[in-house]
Each structure stands twice: as C-alpha cells, then as structure tokens.
Amino acid sequence: MEWIDALILGIVQGLAEYLPISSSGHLQIFREILGIDLPGEEAIVFDIILHAATVLSTVVILWPMFCKLCASFFTFRRDADFYYVCKILVSCIPVGIVGVFFKEYVEGFFGGNDLHVVGICLCVTALLLAFAHFSDYDFVKKRMLKANRGRDITWLDAFVIGCAQAVAVLPGLSRSGTTIATGIIIGDKRERIAAFSFLMVIIPILGEALLDVAKIASGKMQPESISAGALCIGFVSSFIVGCMACKWMLELVKKGKLVWFSLYCVLMGIICILWK
C-alpha cells in the first residue's frame, strides 16, 4: 500500500465514521476504486487502526463530557453521569456477543472485492435514515409511535441501540446512522443520542485495536502489505478529518438533516450492486 492510498483511506474513514454512510463500506469501495488488494486479515487490521483514530477524535471533541463521565464512573458517585456510563456498557453487550461468537463469520465480509453486500447494506441504511426522519412527523408520532418522544436514554433504549450497533458490523450498514436512527425512532432526544452513539463505540473499537497491536507486537500477525509509515499516515489523516466530521455530525443530528444522507446511501448502494 502506498502512502497516498493510506492518506485517501484515512480521509474516507474520518468522514464516513461520523456521517451516516458507513465507514467500513466506503473503505471497501475505495479499496476497489484504488485497486488495493489486501489480504483479509491485513485489511481488517488497517481498518481497525483507522477506526481507533476516529475513536480518539471522538474523545477529543467530546473531551469535557468524556472527563466528566470518567470522573463520575471511576469514583462511583452514583449520579446521572455514573449511570450514563453504565448504559454505555450495557449497549456494548450485543456487539461483544457478536465479537466472541461470530467474529470469523463477520470478518468473512471484509477484505474482499465483492461490493454487492456493501450495496445492499447501504440501501438498508438509507431506509433506516428515511424512517427515522419521518418518525419525527407529528402524524407518525400520534398514530404509529405511542412512546414518549424526546426522552432521555433508558436502560432498555441502551440495549436496543446496542443491538443496532451489533448488526451494523456489516460493511455498508452505517454504525452511526443505524444507532442514531434507532434512537430517534424509539423516541430519544436527538442531542443525547448523537453523543451516546459516538461514545458507545469507544470500548469495542479500542479493545479490538489493542488486541491487534498485541498480536503484531508478539509476532502472531505481521502485516506485510502495509508499512508502518502507511499506518501512521492513515491514522493521522483519519484523526484530523474525524475531529471535523464529529463536530459537523453533532450539529446535523440536532437540526434533523440526516434524511439527505439516505438519498446518497441509496444511490451509492445501487452503484455498488451494479458494479461489474
């Protein structure tokens, strides 16, 4: 992999991690466009490193909130912030189950050049975003969704959103789009669900990144097609672009502008399905 390829993929990851268009799906799309053919394991390692960079950008952008939550949780204050972190931990249970019992099956979708799965999942993302948008219309709230709208995230909400995150491990199914749309559909506050969606991915991504780093350090995994320089360039570019995209996305969710991304997702999904 050339450094320019790593730079482009880092920029793509930084944008697509926060915008509801699927970072994993777009990484596969751009690998196909750039003609990058990485072995499955190496493609996963590179993707995890880029995801770790965007997780770091989440921590930077939400630093005041992150520090407040950590201080409350690790000192066992039993206040609202402590239970907020506990809800984040609950949301990680479904993706943890997928990681333990279905990891090899899920990894089979990554690293290949077949974009059909990506295309189908992008279309599903488009449907979720569209439904989340229309679920906020008054006639839908009254006739279809009887739950109290605009509430804070409950324990059950956290688990349901966590299930959405577990399903969104498939390339093309946007993690941020799926979790935010799910939160909006079940009635959570827009401004609360966006931050929750970005924070809930920290634990699983950093956990996976640490495992990969440990494998590389121990010699169990040696990415031969990716140089250390390419990894660094990808990480830095993903982090910088991720910081900008995170701030932008927080504002977009508040303003309810996500429906426009559904049009993009369905168009890109059709292109992927028809590709070759």
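Residues numbered from 1 in each chain as written. Predicted model: local features only at pLDDT ≥ 70, side-chain atom pairs only at ≥ 80, totals over all residues. Heavy atoms only, no water.

Asks: What is the right way to look at the overall build of the protein in this model?
Replies: A tally of regular secondary structure across the protein gives 14 helices and zero strands. When burial is assessed residue by residue, the protein has 53% of its 276 residues classed as buried. By sequence separation, contacts in the protein at least 24 residues apart represent 81% of the contacts at least 6 residues apart. Accessible area for the protein stands at about 13000 Å²; split by element, carbon and sulfur atoms hold 70% of it. (Helix = DSSP H or I, 4+ residues; strand = E, 2+ residues; numbered from the N terminus. Buried < 20%, exposed > 50% of the residue type's maximum accessible area, 1.4 Å probe, protein only. Contact = heavy atoms within 4.5 Å. Areas by Shrake-Rupley, 256 points an atom, 1.4 Å probe, with all protein chains shown as cover.)

Asks: Before we go on, may I ask you to explain helix α2 (residues 23-34) in this structure?
Replies: Each full turn of the α-helix corresponds to 3.6 residues, which orients residues three or four apart in the same direction. Look at α2: 16 Å from first C-alpha to last across 12 residues, which is about the 16 Å you get at 1.5 Å a residue. For α2, the set of buried residues is Ser23, Ser24, Gly25, His26, Leu27, Gln28, Ile29, Arg31 and Glu32. At the N-terminal end of α2, a side-chain oxygen is found 3.0 Å from the backbone nitrogen of Gly25, two or three residues along, and the residue is Ser22. Just past α2, the residue Gly35 takes up positive phi, approximately 75°. (Expected span 1.5 Å × (residues − 1). Polar contact = N/O pair within 3.5 Å; in protein donor to acceptor, adjacent residues only side chain to side chain.)

Asks: It is not clear to me how the packing of aromatic side chains should be interpreted in this structure. Could you clarify?
Replies: Ring pairs (aromatic) are described by centroid distance and by the angle formed between their planes. Under the definition given, this model contains eight aromatic pairs. Judged by centre distance (5.5 Å) and plane angle (20°), the rings of Phe73 and Phe82 are stacked. Each member of the pair Phe73 and Phe82 is classed as buried. Feature note: the residues Phe73, Phe74, Phe76, Phe82, Tyr83 and Trp155 constitute an aromatic cluster, connected by ring pairs. Directly above the aromatic system of Trp155 lies the positively charged group of Lys87, at a separation of 5.8 Å from the ring centroid. (Phe/Tyr/Trp six-rings, centres within 6.5 Å; stacked < 30°, edge-to-face > 60°. Lys NZ or Arg CZ within 6 Å of the ring centre and 35° of its normal.)

Asks: Can you help me understand a nonpolar patch on the surface in this one?
Replies: Together, Ile33, Ile120, Val124, Val266, Leu267, Ile270, Ile271, Ile273, Leu274 and Trp275 line one region of the surface with nonpolar side chains, adding up to about 870 Å² of accessible area. Those elements that place two or more of their residues in the nonpolar patch are α7 (116-134) and α14 (259-274). Looking at the nonpolar patch element by element, the count peaks at six residues for α14. Within the fold, Val266 resides in helix α14. (Patch = residues over 30% accessible without salt bridge, like charges linked within 9 Å, V, L, I, M, F, W, Y side chains within 5 Å. Salt bridge = Lys/Arg side-chain N within 4 Å of Asp/Glu carboxyl O.)

Asks: Would you mind going over the nonpolar core with me for this structure?
Replies: Nonpolar side chains in soluble globular proteins tend to end up buried together. With 50 residues, the main nonpolar core has Ile180, Phe196, Phe198, Met249 and Leu258 as its most contacted residues. Counting residues per element, this core draws most heavily on helix α11 (residues 190-200), at seven residues. In contact with Phe198, not counting residues within four places along its chain, are Tyr18, Thr58, Leu62, Arg175, Ser176, Ile180, Cys246, Met249 and Leu250. The next biggest cluster of nonpolar side chains, apart from the first, holds 13 residues, and it includes Val12, Ala43, Ile49 and Leu50. (Core = buried A, V, L, I, M, F, W, Y, C linked by side-chain atoms within 4.5 Å.)

Asks: In this structure, what is going on with the side chain of Thr178? I would like to understand it.
Replies: Tracing the backbone through its elements, the reader meets Thr178 in helix α10 (residues 175-185). On the basis of relative accessibility, which here comes to 5%, the residue Thr178 falls in the buried class. When near neighbours in sequence (up to four residues on either side) are disregarded, Thr178 contacts Leu128, Ala164, Ala168 and Leu173.

The analysis is restricted to geometry; functional conclusions fall outside its scope.
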